[in-house]
Amino acid sequence: MYDPSHMRTFLSVAQTLSFTQAARRLGLRQSTVSQHVRRLEEATGRQLFTRDTHSVELTEDGEAMLGFARRILEVHEQATAFFTGTRLRGRLRFGASEDFVLTRLPEILEGFRHDHPEVDLELTVELSGTLHEQLAAGKLDLVLAKRRPEDPRGELVWQDELVWIGAERLRLDPARPVPLIVYPPPGITRALALEALQRQGREWRVACTSGSLNGLVAAARAGLGVMAHSRGLIPPGLVRVRERAGLPELGGVDFVLVHGRRRASAQGAADALASAILAGGSRLVTTGSRPPRVR
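Here the structure is a predicted model, which means the values were calculated and not measured.

Cut-offs used in this document
Throughout this description, residue numbers start from 1 for each chain and increase along the sequence as written. Reporting of local features is limited, given that this is a predicted model, to residues whose pLDDT is at least 70; pairs of side-chain atoms are given and counted only at 80 or more, and all residues count toward the totals for whole chains, interfaces and linings. The side-chain quantities take in all heavy atoms of the structure and omit both hydrogens and water. In this description a helix means any DSSP run of H or I spanning at least four residues, a strand means any run of E spanning at least two, and both kinds are numbered starting from the N terminus. Radius of gyration: C-alpha atoms only; globule rule: 2.2 Å multiplied by the number of residues to the exponent 0.38. Only the protein chains shown count as covering a residue, and every accessible area follows the Shrake-Rupley method with a 1.4 Å probe. Positive charges are assigned to Lys and Arg, negative charges to Asp and Glu, while His and the chain termini are left out of the count. Where a charge sits is defined by one atom per residue type, namely NZ (Lys), CZ (Arg), CG (Asp) or CD (Glu). Side-chain rings of Phe, Tyr and Trp (the six-membered ring for Trp) are treated as a pair once their centres are within 6.5 Å; stacked means planes under 30 degrees apart, edge-to-face means over 60, and tilted covers the remaining angles. Burial classification: accessible surface area is computed with a 1.4 Å probe over protein chains only, and a residue below 20% of its type maximum counts as buried, one above 50% as exposed, and the rest as partly exposed. Residues are treated as being in contact if the distance between any of their heavy atoms lies within 4.5 Å. Polar contacts, as used here, are pairs of N or O atoms within 3.5 Å; protein pairs need one atom able to donate a hydrogen and one able to accept it. Residues neighboring in sequence count only if both atoms are side-chain atoms. Paired strands, in this sense, are two strands between which DSSP finds at least two bridges. Viewed with both strands pointing away, a crossover whose connecting path from the first strand over the helix to the second turns clockwise is right-handed. The axes used here are C-alpha line fits, helices contributing only the stretch in contact, and every angle between their N-to-C directions lies in the interval 0 to 180 degrees. Every angle not falling under 35 degrees, over 145, or within 65 to 115 is termed oblique; those three ranges are roughly parallel, roughly antiparallel and roughly perpendicular. Helix crossings fall into two classes, left-handed where the near helix is turned counterclockwise from the far one by less than a right angle and right-handed where it is turned clockwise. Residue polarity follows a fixed list, in which Ala, Val, Leu, Ile, Met, Phe, Trp, Tyr, Cys and Pro are nonpolar, Asp, Glu, Lys and Arg are charged, and the others, Gly among them, are polar.

Q: So what's going on with the overall build of the chain? Which residues, and what values?
A: Scanning the chain from terminus to terminus reveals nine helices and eleven strands. Compactness check: the chain gives a C-alpha radius of gyration of 20 Å against a globular reference of 19 Å for 295 residues, within 12% of the reference. Dimensions along the principal axes, computed over C-alpha positions, put the chain at roughly 65 × 45 × 30 Å. As presented, the chain carries roughly 14500 Å² of accessible surface, and 50% of it is formed by carbon and sulfur atoms. One way to put it: in the chain the 40 positive side-chain charges average out to a point 2 Å from where the 34 negative ones average out.

Right, here's the structure in full:
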């Protein structure tokens, strides 16, 4: 028998690849997190992580356990809700950033709707900066979006690095301004890209502006320029720009869940959806990519 609490801890470590971050996320001591993982490994008879003082990585058995753990927890939560007679109701206003348009977030939302059919889920897809503004104005209950590195708000889903991407055939002329494909203000990725170019003293020009990820991807696939994007969410048909292009490093970016003002009618549903997203966080990364490590 696999203890659901051990499964939940395992998923948190697998998503963050950090025992420290998992402990913070779960509100546990790090020694408790280590104990849960050790007991799960004893129960399976397999090593699920390789770890040293600097890094944590999933083993092949750990990768296999990811799918099992998610399904076990989903069934456990469904059974608990059924037999306790608790049914969530109310209106939940959820905002997700454009970054997740091409991911498997719809699968997580579909599962949530199946488990909680009496919740009226309203989805808003917008730029991360805009979502944070709407959350502060009381127009949303829960947001899944990027935050700037210095911003302390939100519960970490995963941490990634920003990279420059473009069409594989694209070649940049170092003597000419960098052609940029960007979101409009207040896009967080846009701001980080412009700040990095300004620090380097590199000239740039805006080749395309769009509030839609699909619009940006179309422009990039057409070879109009380069865009800053999460390494774990690179859209199909685009590749990381080679280092010899001389573009500056962009640094890291956090993807977080942020709760809005606690409306009694939405609090239970917001907590349930946040738990579903945290449990399935690795599914948000583009198919074929591994979740980036939390540094």
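Q: So what's going on with the packing of aromatic side chains? Which residues, and what values?
A: Going through the model one piece at a time under the given rule, you end up with three aromatic pairs. Here Phe 19 and Phe 49 contribute two aromatic rings whose centre-to-centre distance is 6.1 Å and whose plane-to-plane angle is 70°, an arrangement assigned as edge-to-face. Taken together, the residues Phe 19 in helix H2 (residues 19-26) and Phe 49 in strand S1 (residues 49-51) connect sequence positions 30 residues apart. Residue Phe 19 is classed as buried on the basis of its relative accessible area of 8%. Classification of Phe 49 as buried rests on a relative accessible area of 0%. Taken together, the aromatic side chains of Phe 10, Phe 19 and Phe 49 make up a single cluster linked through ring pairs.

Q: Residues and numbers for the environment of Arg 190, please.
A: Tracing the backbone shows Arg 190 in helix H7 (residues 188-200). Between the alpha carbons of Arg 190 and Ala 218 there is a distance of 17 Å; along the sequence they are 28 residues apart. Once residues lying within four places of it in the same chain are set aside, the contact partners of Arg 190 are Val 182, Tyr 183, Pro 184, Pro 185 and Thr 209. For Arg 190, the side chain forms a polar contact with the main-chain oxygen of Tyr 183, separated by 3.0 Å.

Q: So what about the pairing of strand S7 (residues 178-182)? Which residues, and what values?
A: Burial analysis of S7 places five of its five residues in the buried class, the great majority of the element. The alternating pattern of S7 places Val 178, Leu 180 and Val 182 and Pro 179 and Ile 181 on opposite faces, both of which are buried. Pairing between S7 and strand S8 (residues 204-209): five bridges, direction parallel. By the bridge assignment for S8, Pro 179 is matched with Arg 205. On the question of chirality, the crossover connecting S7 to the parallel S8 by way of H7 is right-handed.

Q: Give a detailed account of the environment of Ala 14, specifying residues and quantitative values.
A: The topology assignment puts Ala 14 in helix H1 (residues 4-16). Distance from Ala 14 to Glu 57, taken between C-alpha atoms, is 7.9 Å for residues 43 residues apart in sequence. When near neighbours in sequence (up to four residues on either side) are disregarded, Ala 14 contacts Phe 49, Leu 58 and Leu 66.

Q: Quick one: what's the story with the packing of H1 against H2, residue by residue and with numbers?
A: Where H1 meets H2, the closest approach of the two axes is 8 Å, and the angle between their N-to-C directions is 130°. Taken together, H1 and H2 sit at an angle that is classed as oblique. Along this stretch, H1 crosses H2, giving a crossing that reads as right-handed. Taken together, the residues of H2 that come into contact with H1 (itself represented by Arg 8, Thr 9, Ser 12, Val 13, Gln 15 and Thr 16) are Phe 19, Gln 21, Ala 22, Arg 25 and Leu 26. For the contact of H1 with H2, the per-class residue count stands at four nonpolar, five polar and two charged.

Q: Account for the packing of H2 against helix H3 (residues 30-44), with residues named and values stated.
A: One can describe the packing of H2 onto H3 by two numbers: an axis separation of 8 Å at closest approach and a directional angle of 105°. By the angle between their axes, H2 is roughly perpendicular relative to H3. Packed against H2, whose contacting residues are Phe 19, Thr 20, Ala 22 and Ala 23, the element H3 presents Gln 30, Val 33, Ser 34 and Val 37 at the interface. Considering only residue class, the contact of H2 with H3 consists of five nonpolar, three polar and no charged.

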